[in-house]
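# Fold and geometry: a report
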Amino acid sequence: MALLGLYVQPALAQDAASVEQVQAVIAGLRTPQEAFMVDKHLGHIPGVLLTRTDQHTSNLYMLVRADSPDQQQAVRAALVKMGLHLGCWTRTPRNGEPFTHLDPDRCDELPHVK
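Residues numbered from 1 in each chain as written. Predicted model: local features only at pLDDT ≥ 70, side-chain atom pairs only at ≥ 80, totals over all residues. Heavy atoms only, no water.

## A look at the overall build of the protein
Helices and strands together make up the secondary structure of the protein, namely 2 helices and 5 strands. Moving toward the C terminus, one meets the helices and strands of the protein in the order β-β-α-β-β-α-β. (Helix = DSSP H or I, 4+ residues; strand = E, 2+ residues; numbered from the N terminus.)

## With respect to the environment of Y61
In this structure, Y61 sits in strand β4 (residues 59–65). The exposure class assigned to Y61 is buried, which follows from its relative accessible area of 12%. Taking the C-alpha atoms as reference, Y61 lies 9.9 Å from T100; in sequence the two are 39 residues apart. For Y61, the contacting residues outside a window of four places in its chain are Q21, V22, Q23, L50, T51, R52, R94 and F99. (Buried < 20%, exposed > 50% of the residue type's maximum accessible area, 1.4 Å probe, protein only. Contact = heavy atoms within 4.5 Å.)

## Notes on helix α1 (residues 32–42)
A35, V38, D39 and L42 are the residues of α1 that are buried. Viewed along the axis of α1, the buried residues span an arc of 95°, placing them on a single side of the element. (Arc of directions from axis to C-beta.)

## Some details on the pairing of β4
In terms of burial, β4 is largely enclosed, as 6 of its 7 residues are buried. As paired elements, strand β2 (residues 19–27) and β4 share 7 bridges and run antiparallel to each other. By the bridge assignment, V19 is partnered in β4 with R65. Count of turn residues in the strand β3 (residues 48–54)/β4 antiparallel hairpin: 4 residues, of which S58 carries a positive phi of about 65°. (Pairing = 2+ DSSP bridges.)

## Here we look at the nonpolar core
Generally speaking, soluble globular proteins have nonpolar side chains that are buried together. Formed by 17 residues in total, the largest nonpolar core has its most connected members in L42, M62 and V75. Taken together, the elements giving at least two residues each to this core come down to β2, α1, β4, α2 (72–81) and β5 (85–93). Contacts of V75, omitting those with residues within four sequence positions, involve L42, I45, L60, M62, L86 and W89. Ranked by size, the runner-up nonpolar core spans 5 residues in total, among them L49, L50, Y61 and L63. (Core = buried A, V, L, I, M, F, W, Y, C linked by side-chain atoms within 4.5 Å.)

## What about α2?
Along α2, the residues classified as buried are Q72, V75, A78 and L79. Burial along α2 is one-sided: seen end-on, the buried residues are contained in an arc of 130°. Exposed side of α2, more than 90 degrees from the buried face: Q73, V80 and K81 are the residues found there. Buried positions along α2 lie against β2, α1, β4 and β5.

Here it is, written out as structure tokens:
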């Protein structure tokens, strides 16, 4: 997976139990610059430690503090301002398993944007 955007908080060196992972699909990404801007904006949301957005797969991967409130509404609001749509949001404890892509075509929550 070519990760085109990346944002990392300095506090990422936390124990695994205090970090959760978020995976989602973003509809409407058209350029690598948009993916970079998504990461830049989402990285400022409280509790977000790392974001990676891939324009080619429309996947968003985030690491968040486990004790932070759910960031889904803040992420959705930030993306709407950029003309993008969020779907298939999942937040789970970080377990060290490899990242697997979410399929945007199987995400019924999203409009089909070409």
